[in-house]
Amino acid sequence: HVNLEESGGGSVQPGGSLRLSCATSGFIYVNYCLAWWRQVPGRQRERIAVLTTAPAGTSYADSVKGRFTVSQDEDKNTLFLQMNDVKPEENGTYYCAARAGDCSLNPGLFPSWGQGTQVTVSS
C-alpha cells in the first residue's frame, strides 16, 4: 500500500518562496510517476509538476515553469516542490500523487494521493 504525506504548506507573501515535501512509503513501483497537483478554490485540480522514472525526468505546467522545481531525495523517499515567486492566484491545496508507469493529466488515474497541504498566498 503506497502512502503519501505532504508537509511544508503555510503562509507566504506574493513573490516569496516555499518548499513542499511529500514523504512516500510502501512504494513498490519500479517505473512510476510522482506528481504535484494544485486545487485552487473554484477551479479544477491542476497537475503542475511531475517526476518520472521511465524516461527519467521532470516536466511542468506552463503556469509554474521557471518558478517551481520538483525533485526527489537521494533515498527516493521524499518528493519536493520548491516554489519560488509565488503568485496570489496560487493560493490553494497542494497534493502529491503517484501511479505506476507513465503520467496522466487525469487525476482519476492516480490511485495514490496524500491528504494535501494548504498554501496561503497573502500580503
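Residues numbered from 1 in each chain as written. Predicted model: local features only at pLDDT ≥ 70, side-chain atom pairs only at ≥ 80, totals over all residues. Heavy atoms only, no water.

1. A few points about the packing of aromatic side chains
As enumerated under the stated definition, the model contains four aromatic pairs in all. For the pair W37 and F110, a centre-to-centre distance of 5.4 Å together with 80 degrees between the ring planes defines the contact as edge-to-face. Highlighted residues: W37 in strand β4 (residues 32–39) and F110 in the loop between β9 (92–100) and β10 (112–113), separated in sequence by 73 residues. In terms of burial, W37 and F110 fall into one category: buried. (Phe/Tyr/Trp six-rings, centres within 6.5 Å; stacked < 30°, edge-to-face > 60°. Helix = DSSP H or I, 4+ residues; strand = E, 2+ residues; numbered from the N terminus. Buried < 20%, exposed > 50% of the residue type's maximum accessible area, 1.4 Å probe, protein only.)

2. Some details on the environment of R67
Summarising the element assignment, R67 is placed in the loop between β6 (56–60) and β7 (68–72). R67 sits in the buried class, given a relative accessible area of 10%. Residues R67 and Q82 lie 15 residues apart in sequence; the distance between their C-alpha atoms is 8.2 Å.

3. Considering the pattern of salt bridges
What the rule picks out here adds up to six salt bridges. For E90, the salt bridge is made with R38, and the minimal N-O distance between the two is 3.1 Å. A residue pair is termed long-range when its members are at least 10 positions apart, and E90 in the loop between β8 (78–83) and β9 and R38 in strand β4 qualify at 52 residues. Of the two residues, E90 and R38, both sit in the buried class. The shortest N-O distance in the salt bridge between R99 and D102 comes to 3.1 Å. A relative accessible area of 16% means that R99 is categorised as buried. For D102, a relative accessible area of 51% gives the class exposed. Counted as one network, the salt bridges with shared partners bring together R38, E46, R67 and E90. (Salt bridge = Lys/Arg side-chain N within 4 Å of Asp/Glu carboxyl O.)

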